[in-house]
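Fold and geometry: a report
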Amino acid sequence: MHTDRSAPRATRRTAQGTVTRAATAAALASALALGAVHTATASAPSATQTRAGTPDGGWHQDGLSLNAADNKTVDAFVARARRAERSISPQVRAAARLSHADLTGFDQRLKSPDSLKRKVATRMRETPGRTVNASLAEINDAVRFTLQWPSGRYSRGVTTAAGLLSSWGNDSTRWTNTWPRAAGYKAINSAWREPRSGQRFEVQFHTPQSKAAQLDTHKLYEEQRLPGTSRERARELQEQQNAIFAAVPVPAGAERLTAPVRRLPAPVTALLAPVVPGITG
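Only a predicted model underlies this, so the values are computations on that prediction, with no experimental measurement involved.

Quick notes on the rules
Residues numbered from 1 in each chain as written. Predicted model: local features only at pLDDT ≥ 70, side-chain atom pairs only at ≥ 80, totals over all residues. Heavy atoms only, no water. 1 Å grid on protein atoms, 1.4 Å probe; cavity = no way out; pocket = protein on both sides within 12 Å on 5 of 7 lines; lining within 4 Å. Points joined across faces, edges and corners; volume = space filled by probe spheres on them. Helix = DSSP H or I, 4+ residues; strand = E, 2+ residues; numbered from the N terminus. Nonpolar A, V, L, I, M, F, W, Y, C, P; charged D, E, K, R; others polar. Polar contact = N/O pair within 3.5 Å; in protein donor to acceptor, adjacent residues only side chain to side chain. Core = buried A, V, L, I, M, F, W, Y, C linked by side-chain atoms within 4.5 Å. Buried < 20%, exposed > 50% of the residue type's maximum accessible area, 1.4 Å probe, protein only. Contact = heavy atoms within 4.5 Å. Axes fitted to C-alpha atoms, helices over the stretch in contact; angles between N-to-C directions. Parallel < 35°, antiparallel > 145°, perpendicular 65-115°, else oblique. Phe/Tyr/Trp six-rings, centres within 6.5 Å; stacked < 30°, edge-to-face > 60°. Pairing = 2+ DSSP bridges. Salt bridge = Lys/Arg side-chain N within 4 Å of Asp/Glu carboxyl O.

Section: the layout of surface pockets
Volume-wise, the largest pocket comes out at about 1600 Å³. In terms of lining, the largest pocket is formed by 48 residues, of which the most central are Lys111, Asp141, Gln204, Tyr221 and Glu222. Only helix H4 (113–126), strand S6 (144–148), strand S7 (171–177), strand S9 (200–206), helix H7 (208–225) and helix H8 (231–246) provide two or more residues apiece to the lining of the largest pocket. For the lining of the largest pocket, the element with the most residues is H7, which contributes 10 residues. Of the residues that constitute the lining of the largest pocket, the class distribution is 10 nonpolar, 21 polar and 17 charged.

Right under this line is the structure:
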């Protein structure tokens, strides 16, 4: 990639174009100011999220269960994720703003306690002897986001947003690009680790068509994962999902998108410095 050596050092090149440090700082500072308001709306679990608890302190739902000690461990994991989300959301919102993405489903950015417990209990059931902590260590989506661009701006948008998250010190821990696959789910699912809290979070990169296909196949996917689903039924469900995703157009260049190269984070003081009048992004 060509680099303009004459450009000011305070300027960051991205696939979207040129994003100045001042513009980055302004977007992040603005998102920080808004973050607390939206976080409050997602901070408390609803009655439906906690209804599966049992009198002995355990949890059970859909044929899955956790004992009291494991249930308590997952509850503590949920609480830590909710605290960490307050510093993660502003960064994702700033990245969305600078990459011109739609941040869809923002109110569902916190995975429900019941959903996390189903995932943990499923993994413990599938692998006898696996501990609750080992299962939790594999979970990346307790805090999750979806960024979306039209197909024509998708590849540039993904490169810009992912590059910004990396430049702010978030470690890219997983990057799954399924656009090249012949069948099944189409999108990029990425996992990150926030540097201050160590909290892992997921960012899915979609087009409107791939997101619609994900929503259309959600119930099929959930049924496929249930413990009582037969192998024959699971194959039928997968075939139905494949048919829906086959109709999703692949954006130009999407198959070649990879995780950003790790960069040293910009100092916090620089990111939150006042914008110099007359400098624009």
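Details of the side chain of Asn170
Within the fold, Asn170 resides in the loop between helix H6 (151–167) and S7. A polar atom in the side chain of Asn170 sits 2.9 Å from the backbone oxygen of Leu165.

Notes on the nonpolar core
Ranked by size, the top nonpolar core spans 48 residues in total, and within it Leu147, Tyr154 and Phe205 carry the most contacts. Broken down by secondary-structure element, the contributors of at least two residues to this core are strand S4 (64–66), helix H3 (68–98), H4, helix H5 (132–136), S6, H6, strand S8 (188–193) and S9. With 11 residues, the single largest contributor to this core is H3. Beyond its immediate stretch of four places on either side in the chain, Tyr154 contacts Trp149, Trp179, Ala187, Ile188, Phe205, His206, Thr207, Pro251, Ala254 and Leu257.

Details of unusual backbone geometry
The phi torsion at Asp62 lies on the positive side, around 55°, for a residue other than glycine. One can find Asp62 in the loop between strand S3 (59–61) and S4. For His100, which is not a glycine, the phi torsion comes out positive at approximately 60°. Mapped onto the elements of the fold, His100 is located in the loop between H3 and strand S5 (102–104).

What about the packing of H7 against H8?
Closest axis-to-axis distance for the H7/H8 pair is 9 Å, and the angle between their directions is 180°. As summarised for this structure, H7 and H8 are arranged roughly antiparallel, according to the angle between their axes. In this structure, H7 uses Ser210, Ala213, Gln214, Asp216, Thr217, Leu220, Tyr221, Glu223 and Gln224 to contact H8, whose residues at the interface are Arg233, Ala234, Leu237, Gln238, Gln240, Gln241, Ile244 and Phe245. Across the contact of H7 with H8, the residue classes break down as seven nonpolar, seven polar and three charged.

Regarding the packing of aromatic side chains
Evaluated as defined, the whole model comprises seven aromatic pairs. Summarising the aromatic geometry, the rings of Phe145 and Phe201 are spaced 6.3 Å apart at their centres and angled 85° between planes, so their arrangement reads as edge-to-face. Of this pair, Phe145 sits in strand S6 while Phe201 is found in strand S9, placing the two residues 56 residues apart along the sequence. Taking relative accessible area as the criterion, Phe145 reaches 3% and is therefore assigned buried. A residue is classified by how much of its surface remains accessible, and Phe201, at 1% relative accessible area, is buried. Between Tyr154 and Trp179, the ring centres sit 5.5 Å apart and the planes meet at 75°, which makes this aromatic pair edge-to-face.

Examining the sheet that holds S9
Read across the sheet, five strands follow the order S5-S6-S9-S8-S7 without closing on themselves; strand pairing throughout is mixed. Lying at the two open borders of the sheet, with one neighbouring strand each, are S5 and S7. The average undirected angle you get between the axes of adjacent strands in this sheet is 25°. Where H6 meets the sheet, it contacts S6, S7, S8 and S9, and its direction lies at approximately 165° from that of S9.

Side note on the pairing of S8
Summarising burial for S8: five of the six residues are buried, a large majority. As defined by bridge partners, S7 adjoins S8 across six bridges and the pair is classed as antiparallel. Looking at S8, one finds that Ser172 is bridged to Trp192. As paired strands, S8 and S9 are joined by six bridges and run antiparallel to one another. Residue pairing across strands places Ala191 opposite Glu202, the latter belonging to S9. Hairpin connection, S8 to S9: the antiparallel pair is bridged by six residues, and Gly198 has positive phi, about 75°.

Description of the pattern of salt bridges
What the rule picks out here adds up to nine salt bridges. Between Lys111 and Asp141 there is a salt bridge, with the nearest N and O atoms lying 3.2 Å from each other. Taken together, the residues span a long stretch of sequence, with Lys111 in the loop between S5 and H4 and Asp141 in the loop between H5 and S6 at a distance of 30 residues. Side by side, Lys111 and Asp141 carry an identical accessibility label, which is buried. Ionic contacts of the salt-bridge type, sharing partners, join the residues Lys111, Lys119 and Asp141 into one network.

Interpretation note: all reported values are geometric properties and have no functional meaning in isolation.
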